[in-house]
Protein chains: 2
Amino acid sequence: MSNQRPVSCGLDFCAAPDLNNCLFTANSSKYEFICVPLVHPLFKREFVSGSAKKRAGPFTRPDIVLCSSDWNTLIIGKLSPHIKADSKNPSLKKNSEETLKQELALASHLGLVGVTFKLTKGIKENANLSRIICDKVSSMCSLQVWIQVPMENPIKQAYSYREEDCGKVESPWEWWNAFRIVCDYNRKLGVALIVSHDLPDQEEIDRWLGEPVKCLIFPTTLFITNKKGYPVLSKAHQALVKKFAMLEVQFVLTGQNRYQSITYYHNYLEYLWKDCESDGAVERYARGYEDYLQCPLQPLMDNLESQTYEVFEKDPVKYSQYQTAIYQAISAVRSKSEDKSRKIIIMVVGAGRGPLVRASLNAAKKANQPIKVYAVEKNPNAVLTLQALEKDLWEDKVTVVSCDMREWNSPENADIVVSELLGSFGDNELSPECLDGIQRFVKPDGICIPTSYTSYIAPVQSSKLYNEVRQCRDKDKHSLAHFETSYVVHLQNNIIMLSATITDNSRYDTKVFKVRQNSVLHGFSGYFDTVLFNNITLSIKPSTHSPGMFSWFPIFFPIREPIQLKAGDQIVVHFWRQCNSKNVWYEWCISEPFPGPIHNPGGRSYTIGL
Amino acid sequence: MSNQRPVSCGLDFCAAPDLNNCLFTANSSKYEFICVPLVHPLFKREFVSGSAKKRAGPFTRPDIVLCSSDWNTLIIGKLSPHIKADSKNPSLKKNSEETLKQELALASHLGLVGVTFKLTKGIKENANLSRIICDKVSSMCSLQVWIQVPMENPIKQAYSYREEDCGKVESPWEWWNAFRIVCDYNRKLGVALIVSHDLPDQEEIDRWLGEPVKCLIFPTTLFITNKKGYPVLSKAHQALVKKFAMLEVQFVLTGQNRYQSITYYHNYLEYLWKDCESDGAVERYARGYEDYLQCPLQPLMDNLESQTYEVFEKDPVKYSQYQTAIYQAISAVRSKSEDKSRKIIIMVVGAGRGPLVRASLNAAKKANQPIKVYAVEKNPNAVLTLQALEKDLWEDKVTVVSCDMREWNSPENADIVVSELLGSFGDNELSPECLDGIQRFVKPDGICIPTSYTSYIAPVQSSKLYNEVRQCRDKDKHSLAHFETSYVVHLQNNIIMLSATITDNSRYDTKVFKVRQNSVLHGFSGYFDTVLFNNITLSIKPSTHSPGMFSWFPIFFPIREPIQLKAGDQIVVHFWRQCNSKNVWYEWCISEPFPGPIHNPGGRSYTIGL
């Protein structure tokens, strides 16, 4: 969680005859903005073939009641609820279309940051509404649309459905999903989630974490009174707030005030919000990188910069784990050794600026064991640092070798080889290819640290990431390449739908996932874990993530088109790791529930250079 | 049907120890080409980590046994059936991969036009095979792959499945469909359909008509002996050949010869093929335009060329129907008229080079009725022709008006207004907008010809059309525009999945279609029919198409991504006809079985100019 900014909570008005009054009420009770009808609820307009029938006076308040900076920052406009753009009644439909266009034009004229309306039906009954919204919003430069979506289908709440019938009631998430697809994932559409009294299943809540939820709407009836007489939320609702705090949501309070002051609600929500803040090392490091697509490092092909080394050397967990593993490896070698006094040979391959050399020396000191370290590094700039350390500090305990490990001829064989060549997806920084050449210089009973590693994949739903990738596409001529590239990304606005399963080290593997609820597949996230030695491990798998370790974000493999999943479907995904003499790359495709094209065939869109 | 070219029939050999012998046999029996194994069936190769184990001698015949033009034109190479690129056994898998690559490289070296292999499983067990095929074929310039697909799943044939279980057996069409999707609709992949003894349902056969079927494979066991002792096919199989003749397929004969000469089979297939030829007016006119995407004419915005008028004036049906309708309209006007001797006023709006003026004069002559014709035309070049005709031929019976009908002020009101402004989709050449202005010059009881018209849409499966549209995309920067444009196209390699339903004249309509079998949706075809007057009609709807009329091909509305349909699904499609002061355009989107984006929002990709 990364919310640094203060809470932002709006107050909803069902009518606003005097806007300045409303703003005064809200501001003096600490609320940051208000939601008001754009037009008085009783003021329905009649349009005949597109032109408004002349009525006495204007159809709503004039713009001069507020200064424009207030319009721009303090007001969310509510569209008239009597708009039925998909009515079967032609004149009601026509009137609704014109009303809608008029209100959107008004919101744009006033410079509002957003308008909002409530979604109450599936797309089949909302296609015309979505078309108009999408069309108008696309042409209005900054207007956002917050689509209010209830957490539960009102039908489900109104009737006491039998358990087995519940699945047949369309969830409001489906309404939203279809609406935004028809609007082609327009970035100006966001969700204002109306929090329900009885919360749905955890899974159903989590499904919203992959969506652009901008706002949680709290009816005042959700609040209960605590011992001191103040409004608070149930434990379940508190947990909900914490989950969504990651997405930097805002809040809106709606309904009748039941306390002495409406400020009480704001105070409580502010308290909850602050409680969500956290400033662990990972969060500090990752701040600003949420859902930001980065190209994976290519430390083999490119030479890393000093700054990059510096960032990664600060990981508080990784090198301490390495040091423990090396310590245990030294003990293991010594216990088998006949000559206890001989120096143990450690090769650090890919030594960078020396953190693993340091870990080796520390481990040896702790084990009271003389060692000889070869620090092999191909980046001549990093070698300068190593050589300085060798001269000033390490002296004859360390020999710096300025050489690509694949070409190095070692003068002796190693007891222990230590490397840190793993990428977010395990082998994506070409650890296997790099270590191939070193194998011949390892003693028959030598130890490799890490001992093993495993890659994992999991299907991901994230309209945010989909849109990020797609935006790249729009700017670029080679339209497919961005969907055939893997990214390193600090996943935030997403839901990993299923527990990850293992993909072994082979060059081609097929994985199967069961879909538990209707959802959308936007791609796959990749992780790894590794056994450094014995039971010393590192992991970026969500379920076993090494606490506090920030060296790796997950990898993300997008797919070209989102796939609509139904509960009970099976996802079958195929992953290949391919190589030729110059490059390594991944290819991937889906064969179920619907077959899709192979992504990145022949490495056409991205490769990892050898 | 448009096959002008002679039959092309190949002969299949299960082994070809002497290629020249095989070719001699085939050619002397009239066969146009042969299918032979690329490598002797018993010659399995062992590869160890990518390099062929040295065996005594080469792994197949050398290229010099044939001259290269023979390799290029007469030989289809069969891949070894022991290739199991998706085997769970790692060494069998590795060997298969290397064998496959070796054989594809050989086929490319020899310059074969194509290779072929048999598909026996779904994509889940064929993903690796498809990846390799797709990868290699993409990089080999001209090699085609004919994928042999049985018409029926062998499981269904082998066991006597109960009727209700049959649906659960995956159809081989699904194997093919998934295979080519994984290969991203690679144009080099074609289908070689293995004709079965018991043919599947008509619908299942028709589903293949939307696919790139290059070849029908006939086992000799399919043939029955007629009274004269020659091999013939059953009526059902004959009907099959006729259907596929439209797609310009080739044939391959496989299996043991059961007659005195293998030529007999060829003779019979040649006889069937010639029988499929037809040369009606429509076919003559349409030849070469099969599945060719054309932009719809914009006769309002652009002035048609002389040649275009000439082509359309040749329609043998359209103007004869118009003449009959005008004749009946004249009779109707006269019967109501008190002054039987007065001239009936006919306005031909959009007169072009005069075919409807001619039809009017002919009708009046037949009815023995004096008339006065106003011929209104906006194209100044066509007006030249009209004025020449007026002067030389029509004299005072006709007044040519050089004017856009929307701006014309008529000196008198019409008894009959005749126009031919309809496009393939009815109103897509802006007939409503054009006729709006004329209405005020029609007598209260005046007659409009046409009296009414109706647009129809139907879902279409056609990988050919999908690929045609996509190819446009690949060449163009604005990648989406081609999928948001309507095309006029002589549909050939497609299947219209469902009976078309009516879309009325309103500006927004929603249509629902039931899906009867698993299939792929690539877009929608559009048609119209019109009542000229009384029961005189014109139609391009497939079920009621006016025989011999060639003036209109259907319209095609593509969709951005093919949608995989399952039997029982429902397609819900929304169509809008939108306009502003300068343009008219269509928008469309699908809301079921999966929602999709609105196509052509705001007319961003194509419009029809007013």
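Per chain, residues are indexed from 1 in the order of the written sequence. Lettering for chains starts from A, numbering for ligands starts from 1, and both go in the order in which the items are written. Reporting of local features is limited, given that this is a predicted model, to residues whose pLDDT is at least 70; pairs of side-chain atoms are given and counted only at 80 or more, and all residues count toward the totals for whole chains, interfaces and linings. In computing side-chain values, all of the structure's heavy atoms are included and hydrogens and water are not.

In the annotation of an unreviewed UniProt entry, the entry for chain A reads Protein arginine N-methyltransferase, and the organism field reads Frieseomelitta varia. UniProt positions are given in the numbering used here, feature names are shortened, and annotations may be inferred rather than shown by experiment. Per UniProt, chain A carries the Catalytic activity (unreviewed entry) text "L-arginyl-[protein] + 2 S-adenosyl-L-methionine = N(omega),N(omega)'-dimethyl-L-arginyl-[protein] + 2 S-adenosyl-L-homocysteine + 2 H(+)". Database annotation for chain A, UniProt heading Sequence similarities (unreviewed entry): "Belongs to the class I-like SAM-binding methyltransferase superfamily."

Chemist: Could you give an account of the environment of B:Pro200, naming the residues involved and the relevant values?
Modeler: All names here are of chain B. In DSSP terms, a helix is any run of H or I states spanning at least four residues, a strand is any run of E spanning at least two, and both are numbered starting from the N terminus. Mapped onto the elements of the fold, proline 200 is located in the loop between strand 8 (189-194) and helix 8 (202-207). For the pair formed by proline 200 and methionine 151, sequence separation is 49 residues and the distance between their alpha carbons is 7.3 Å. Working rule for contacts: check all heavy atoms of both residues, and any pair within 4.5 Å makes them a contact. Those residues in contact with proline 200 that sit more than four places away from it in its chain are Met151, Glu152 and Ile205.

Chemist: Which residues make up the packing of aromatic side chains, and what values do they have?
Modeler: All names here are of chain A. Here a pair means two rings of Phe, Tyr or Trp (six-membered ring of Trp) with centres within 6.5 Å. Their orientation is stacked below 30 degrees between planes, edge-to-face above 60, and tilted elsewhere. A complete count under the given rule lists 53 aromatic pairs over all chains for this structure. Summarising the aromatic geometry, the rings of tyrosine 374 and tryptophan 408 are spaced 5.7 Å apart at their centres and angled 50° between planes, so their arrangement reads as tilted. Of the two residues, tyrosine 374 is situated in strand 14 (residues 371-377) and tryptophan 408 in the loop between strand 15 (398-402) and strand 16 (414-419); the sequence distance between them amounts to 34 residues. The same class applies to tyrosine 374 as to tryptophan 408, namely buried. Pairing tyrosine 466 with phenylalanine 483 gives two aromatic rings, centres 6.0 Å apart and planes at 50°, and the pair type is tilted. Of this pair, tyrosine 466 sits in helix 17 (residues 463-475) while phenylalanine 483 is found in the loop between helix 17 and strand 19 (487-488), placing the two residues 17 residues apart along the sequence. Burial classes: relative accessible area under 20% of the type maximum marks a residue as buried, over 50% as exposed, and values in between as partly exposed (1.4 Å probe, protein chains only).

Chemist: Got a sec to walk through the UniProt feature "site: Critical for specifying symmetric addition of methyl groups" (unreviewed entry) in chain A? Specific residues and values, please.
Modeler: UniProt marks A:Phe312 with the feature "site: Critical for specifying symmetric addition of methyl groups" (unreviewed entry), using the numbering shown here. Assignment of secondary structure puts A:Phe312 in helix 12 (residues 306-313).

Chemist: Give a description of the confidence of the model for chain A that names residues and reports values.
Modeler: All names here are of chain A. pLDDT gives the predictor's per-residue confidence on a scale running from 0 to 100. On average, residues of chain A carry a pLDDT of 87, and 89% of them reach 70 or more. The model gives residues 48-52 a pLDDT under 50, and that stretch makes seven contacts with residues more than four places away or in other chains. Every residue in residues 499-506 scores below 50 in pLDDT, and together they form 23 contacts with partners more than four places removed in sequence or on other chains. For this predicted complex, the interface confidence score (ipTM) comes to 0.81, while the overall pTM stands at 0.84.

Chemist: Before we move on, can you summarise helix 7 (residues 172-182) of chain B with the specific residues and values?
Modeler: Residue and element names in this part refer to chain B. Among the 11 residues of helix 7, 11 are classified as buried, and the element is accordingly described as predominantly covered. Every buried residue of helix 7 is accounted for by Pro172, Trp173, Glu174, Trp175, Trp176, Asn177, Ala178, Phe179, Arg180, Ile181 and Val182. In protein, a polar contact requires one atom able to donate a hydrogen and another able to accept it; more generally it is a pair of N or O atoms within 3.5 Å, and residues adjacent in sequence count only if both atoms are side-chain atoms. The N-cap residue of helix 7 is serine 171: its side-chain oxygen and the backbone nitrogen of tryptophan 173 are 3.0 Å apart. Of the residues flanking the end of helix 7, it is aspartate 184, one or two places downstream, whose phi is positive at about 55°.

Chemist: Please provide a residue-by-residue account of the relation of the copies chain A and chain B, values included.
Modeler: Each of the two chain copies can be generated from the other by rotation about an axis followed by a shift along it. At an RMSD of 0.1 Å, chain A and chain B line up after a rotation of 180° and a shift of 0.0 Å along the axis. Expressed as a symmetry operation, the mapping of one chain copy onto the other fits a two-fold axis. Residues below a pLDDT of 70 in either copy are left out; the C-alpha atoms of the rest, at least 70 in both, set the least-squares superposition of the copies.

Chemist: Before we move on, can you summarise the sheet that holds strand 14 (residues 371-377) of chain B with the specific residues and values?
Modeler: All names here are of chain B. Here, any two strands with at least 2 DSSP bridges between them count as paired. The strand order across the open sheet formed by five strands is 15-14-13-16-17, and the pairing between neighbours is parallel. Looking along the sheet, the strands with just one partner apiece sit at the ends: strand 15 (398-402) and strand 17 (442-449). The mean inter-strand angle of the sheet, taken between neighbouring strand axes irrespective of direction, is 20°. When strand 13 (residues 344-349) meets strand 16 (residues 414-419), the two strands line up parallel, connected through four bridges. Within strand 16, the position partnered with valine 348 by the bridge is valine 418. To obtain an axis, a line is fitted to C-alpha atoms, over the contacting stretch when the element is a helix, and the angle between two such axes runs from 0 to 180 degrees between their N-to-C directions.

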